[in-house]
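# Analysis of the macromolecular model
What follows is each chain in one-letter form.
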Amino acid sequence: MSRVAAAGLVAGLVVACGPKDQAAGEVDGSGKTGTASKSATPTPARTPGSPKKTPGTPTKAPSATPSSKPSGGGGGGAKALTCAQLQNASLDGGGLEGYGIAGASLSGGRWEGPDGVVIELQPQCAVGDITGDGAADAVGALKISTGGTGRFYTLVTWRNDGGTPVPAATAELGDRTPVVSVDFPSAGPPRQVTVVYRTRGDDDPAAVVTLTRTAVYEVSGASMVELHHSDAPYTP
């Protein structure tokens, strides 16, 4: 084949195939190094930012309101006892157990036991808070007969248990020592009761009374404790 024909054939092939892509680092016919085309990296879509967090207003803890403490069963909210309630009051407890009257109650101011014991409520009575729980209690006197010549007088405090009289404390005044009065002095110290009764001197016979005793008592546990007393001569 002649040189002219060969040159024409090469030129035709170049036109038919078109330019060849250059790989990175290859040199083209002009002496320049080819640069490989980079594949386009998709730009991630911008995610809209979260709304700016506004700090919430701190919740204020509610202040504690002190609750009023309810009074107990015999507290100041209980209705005051009355002397009339003692007519049918319980004799169970409060130091009266020694007379064998457990579980007994007065009926119309009187109780009779099977062994001849008779208990009679005396008319002297006073109402006031002697136990210190804020409720008005009742203090009265009982005459206890055991079948012989003895007539034993006992001072009794009935505490206020929600409006019900319950025996709480006692004090024995002695044999044949009738009670004259029971009183809560308005000007006296709180939780103290004044009792006036007839009695006798240590050397006097039991059949007579020669003194009027004025004694002041308070409740201590299951007992009524005498704080002090004064005596005045008494002639029947």
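These lines cover the structure that appears in this document, whether it is placed above or below. (Residues numbered from 1 in each chain as written. Predicted model: local features only at pLDDT ≥ 70, side-chain atom pairs only at ≥ 80, totals over all residues. Heavy atoms only, no water.)

Secondary structure summary: the protein chain contains 1 helix and 9 strands in total. Ordered by position from the N terminus, the helices and strands of the protein chain form the series α-β-β-β-β-β-β-β-β-β. Within the protein chain, buried positions represent 32% of all 236 residues. A separation threshold of at least 6 residues defines the contact pool for the protein chain, and within that pool the share at least 24 residues apart is 42%. (Helix = DSSP H or I, 4+ residues; strand = E, 2+ residues; numbered from the N terminus. Buried < 20%, exposed > 50% of the residue type's maximum accessible area, 1.4 Å probe, protein only. Contact = heavy atoms within 4.5 Å.)

Further remarks concern unusual backbone geometry. Positioned with a positive phi, R176 is a non-glycine residue whose angle comes to about 55 degrees. With respect to the helices, strands and loops of the structure, R176 is situated in the loop between strand 5 (164–175) and strand 6 (179–183). The exposure class assigned to R176 is partly exposed, which follows from its relative accessible area of 28%. One non-glycine residue, R191, lies in the positive phi region at around 65 degrees. Along the polypeptide, R191 turns up in the loop between strand 6 and strand 7 (193–199). Given the relative accessible area of 40%, R191 is considered partly exposed.

On to the side chain of D175. The residue D175 is located in strand 5 in this model. At 3.0 Å, the side chain of D175 and the side chain of R176 are in polar contact. (Polar contact = N/O pair within 3.5 Å; in protein donor to acceptor, adjacent residues only side chain to side chain.)

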